[in-house]
Amino acid sequence: MKAKIILFSLVAVLFLIGWTGCEKEDISQNIILYDKPLDVIQSHIQGKWELVYEKGGYAANSIHYYDNSYMEITLDNRAIITFDDVVYIDAVIKWTKVGPYEWVKLSPGKYTDTYLMEFNDRREYPYCFVVDNIHNDTLTIYDNACDAVFYYYIKPNK
């Protein structure tokens, strides 16, 4: 009987060791980016992102969902935005550091120094975004405007 208990305990311990060794690595990241140095922001947003939906604007609760829309931030500091495999924007990003009250909005009650991500597609006014955060693998950026549209991106499936 004692041998059975020892054998059972040994099997249980080996099972638990094997079980914990096979756990899936959690690659999710949660980080606020708007108050970070530029190199931290750039390293976290680099790569290709799929636009899932946007929310806000004049109609604050308005939501628009997207299919096959992507933004890629390249190593050479470019933003490439595609819709249905057509390049809509391919422009160099200009990073502008602004102080806590030099711009319209961060989020309600949050004012700090931050970097604005700006690029132009030959329009009179450039696109100007605040890189807000990554939460549960969702990148959130929004327009630098009082009626901001929030854009929610995820890493696409490979």
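Before reading on, note that the structure itself is shown above.
Remember, predicted model here, so these are calculated numbers, not experimental data.

**Student:** What exactly am I supposed to notice about the overall build of the protein chain here?
**Tutor:** Within the protein chain, the regular secondary structure consists of 2 helices and 11 strands. When its helices and strands are written in sequence order, the protein chain yields α-β-α-β-β-β-β-β-β-β-β-β-β. Sequence separation of at least 24 residues holds for 45% of the intrachain contacts in the protein chain that already meet a minimum separation of 6. By element, 57% of the accessible surface of the protein chain is carried by carbon and sulfur atoms, the whole surface being about 10,500 Å².

**Student:** Before we go on, may I ask you to explain the side chain of N133 in this structure?
**Tutor:** Considering the arrangement of structural elements, one finds N133 in strand β9 (residues 127–135). Under the relative-accessibility criterion, N133 is labelled buried at 16%. Those residues in contact with N133 that sit more than four places away from it in its chain are I31, I32, L33, T138, L139 and T140.

**Student:** Would you explain the pattern of salt bridges in this entry?
**Tutor:** Close approach of charged atoms lets side chains of opposite charge pair. One pass over the full model with this rule turns up 2 salt bridges. In this structure, the salt-bridge partner of D90 is R78, at a minimum N-O distance of 2.8 Å. Here R78 lies in strand β5 (residues 78–83) and D90 lies in strand β6 (residues 86–92), a separation of 12 residues in the sequence.

**Student:** I tried to follow the environment of D76 on my own but got confused; where do I start?
**Tutor:** By the element assignment, D76 lies in the loop between β4 (69–73) and β5. A relative accessible area of 53% means that D76 is categorised as exposed. Between the C-alpha atom of D76 and that of V92, which follows or precedes it by 16 residues, the distance is 8.3 Å.

**Student:** I keep staring at the packing of aromatic side chains and nothing clicks. Help me out?
**Tutor:** Between two aromatic rings, the relevant description is the distance of the centres plus the angle of the planes. Applying the stated criterion across every chain yields a total of 9 aromatic pairs. Centroid distance F83 to Y88: 5.3 Å. Interplanar angle 75°. Geometry classified as edge-to-face. A residue is classified by how much of its surface remains accessible, and F83, at 29% relative accessible area, is partly exposed. The interplanar angle of 10° and the centroid separation of 6.2 Å between the aromatic rings of Y127 and F129 together place this pair among those described as stacked. You'll find Y127 and F129 in the same group, each marked buried. Among the aromatic residues, ring-to-ring pairing joins F119, Y127, F129 and Y151 into one connected group.

**Student:** Quick question: what am I supposed to make of the side chain of E54 here?
**Tutor:** Along the chain, E54 falls in strand β2 (residues 47–56). Polar side-chain contacts of E54 include one of 2.7 Å to the side chain of Y66. Look past the residues within four positions of E54 in its chain and what remains in contact with it is S62, I63, H64, Y66, V149, F150 and Y151.

**Student:** Would you mind going over unusual backbone geometry with me for this structure?
**Tutor:** Comment: phi is negative for the bulk of residues other than glycine, and the bulk of peptide bonds are trans. The phi dihedral of N68 falls on the positive side, at around 60°, and the residue is not glycine. Inspection of the secondary structure puts N68 in the loop between β3 (63–65) and β4. Here N68 falls in the partly exposed class, since its relative accessible area comes to 25%. Unusually for a residue other than glycine, D137 sits at a positive phi of about 70°. Its location among the elements puts D137 in the loop between β9 and β10 (138–143).

**Student:** What is the right way to read the nonpolar core from this model?
**Tutor:** Nonpolar side chains in soluble globular proteins tend to end up buried together. I45, M117, F119, V131, L139 and I141 are the most contacted members of the largest nonpolar core, which totals 27 residues. When residues in this core are grouped by element, the largest group, 4 residues, is from β9. Apart from residues no more than four positions distant in its own chain, M117 is found in contact with I45, M71, I73, I93, K94, W95, Y127, C128, F129, V131 and I141. The next biggest cluster of nonpolar side chains, apart from the first, holds 9 residues, and it includes V98, V130, Y142 and F150.

Criteria and thresholds
Residues numbered from 1 in each chain as written. Predicted model: local features only at pLDDT ≥ 70, side-chain atom pairs only at ≥ 80, totals over all residues. Heavy atoms only, no water. Helix = DSSP H or I, 4+ residues; strand = E, 2+ residues; numbered from the N terminus. Contact = heavy atoms within 4.5 Å. Areas by Shrake-Rupley, 256 points an atom, 1.4 Å probe, with all protein chains shown as cover. Buried < 20%, exposed > 50% of the residue type's maximum accessible area, 1.4 Å probe, protein only. Salt bridge = Lys/Arg side-chain N within 4 Å of Asp/Glu carboxyl O. Phe/Tyr/Trp six-rings, centres within 6.5 Å; stacked < 30°, edge-to-face > 60°. Polar contact = N/O pair within 3.5 Å; in protein donor to acceptor, adjacent residues only side chain to side chain. Core = buried A, V, L, I, M, F, W, Y, C linked by side-chain atoms within 4.5 Å.

Nothing here speaks to function; it is all geometry.
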